[in-house]
Amino acid sequence: MRKLRERTGGRGPDVCIEAVGMEAHSDSPVHLYDQVKQQLRLQTDRPAAVRQAIHACRKGGTVFVLGVFAGAVDKFPLGAVINKGLTVRGAQQHGQRYIPMLLDRLAAGELSTAHLATHTVPLDEAPRAYEMFKEKNDGCVRAVIRPGS
């Protein structure tokens, strides 16, 4: 983050994109606070990444919230949003609109999805795949579990 501020003269990026959502993690003490509140069902999500995006964005910038959130969050930095004059936008992928076109392009061979699966495992190794994904071991971003392989 420091190098980014040096390159931009301390202003921060024009646009920040939060794409993690309710499963965000952080090394800050606020993460423990978020986890406790989530376990007690006092909040549904952990907004660490959206908080970071808001604080990092330059004055007059835009924060896009694309991660999946289910409901209530605490310690949302509304004051920073207002004081910086940020535009905050949120959206989810509109499957009904795009899925048919994407499936047609996949069938025509115009799109490849092979790069999306970082690990492929047989069904009997599913617990190991879930653990690998959860812990981000061995560079696991997406594990595909194939029955019968």
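See the structure printed just above.
Residues numbered from 1 in each chain as written. Predicted model: local features only at pLDDT ≥ 70, side-chain atom pairs only at ≥ 80, totals over all residues. Heavy atoms only, no water.

Visitor: So what exactly am I meant to see when it comes to the overall build of the protein here?
Guide: Summing up its helical and strand segments, the protein has six helices and five strands in all. Taken from the N to the C terminus, the helices and strands of the protein come in the order α-β-α-α-β-α-β-α-β-α-β. A compact globule built from 149 residues would reach a C-alpha radius of gyration of about 15 Å, whereas the protein, at 19 Å, exceeds it by more than 25%. For the protein, the C-alpha atoms occupy an extent of roughly 55 × 40 × 35 Å along the three principal directions. (Helix = DSSP H or I, 4+ residues; strand = E, 2+ residues; numbered from the N terminus. Rg over C-alpha atoms; globule rule 2.2 N^0.38 Å.)

Visitor: Sorry if this is basic, but what is going on with the layout of surface pockets here?
Guide: Counted as a void, the largest pocket has a volume near 270 Å³. As for the largest pocket, its lining consists of V20, E23, H25, R46, F133, K134 and K136. Residue composition of the lining of the largest pocket, grouped by class: two nonpolar, one polar and four charged. (1 Å grid on protein atoms, 1.4 Å probe; cavity = no way out; pocket = protein on both sides within 12 Å on 5 of 7 lines; lining within 4 Å. Points joined across faces, edges and corners; volume = space filled by probe spheres on them. Nonpolar A, V, L, I, M, F, W, Y, C, P; charged D, E, K, R; others polar.)

Visitor: Explain helix α2 (residues 29-39) here, please?
Guide: Residue pairs spaced three or four apart in an α-helix point in one direction, given the helix's 3.6 residues per turn. When we look at burial in α2, the residues that qualify are H31, D34, K37 and Q38. Summarising the axial view, the buried residues of α2 lie within an arc of 130°, below the 170-degree limit, and thus occupy one face. α2 presents P29, L32 and Q39 as exposed residues on the side facing more than 90 degrees away from its buried surface. Close packing links the buried residues of α2 with α3 (48-56). Just downstream of α2 lies R41, where phi reads positive at about 60°. (Buried < 20%, exposed > 50% of the residue type's maximum accessible area, 1.4 Å probe, protein only. Arc of directions from axis to C-beta. Contact = heavy atoms within 4.5 Å.)

Visitor: Whenever I open this one, the environment of M132 confuses me. Can you help?
Guide: Examined against the element boundaries, M132 turns out to sit in helix α6 (residues 126-135). Given a relative accessible area of 8%, M132 falls into the buried group. Residues M132 and R142, 10 residues apart in the sequence, show an inter-C-alpha distance of 9.4 Å. Contacts of M132, omitting those with residues within four sequence positions, involve H119, N137, D138 and C140.

Visitor: How should helix α5 (residues 95-107) be read in this particular structure?
Guide: An ideal rise of 1.5 Å per residue puts 18 Å on 13 residues; α5 measures up with 17 Å between its terminal C-alpha atoms. Looking one or two residues beyond α5, the residue adopting positive phi is G109, at roughly 80°. (Expected span 1.5 Å × (residues − 1).)

Visitor: How should I be thinking about the packing of aromatic side chains in this particular structure?
Guide: Aromatic ring pairs are defined here through the distance separating the ring centres and the angle between the ring planes. According to the stated counting rule, one finds zero aromatic pairs in the structure shown. Above the ring of Y33, the side-chain terminus of K75 is found at 5.0 Å from the ring centroid. The aromatic ring of F133 is capped on one face by K136, whose charged end is 3.8 Å from the ring centroid. (Phe/Tyr/Trp six-rings, centres within 6.5 Å; stacked < 30°, edge-to-face > 60°. Lys NZ or Arg CZ within 6 Å of the ring centre and 35° of its normal.)

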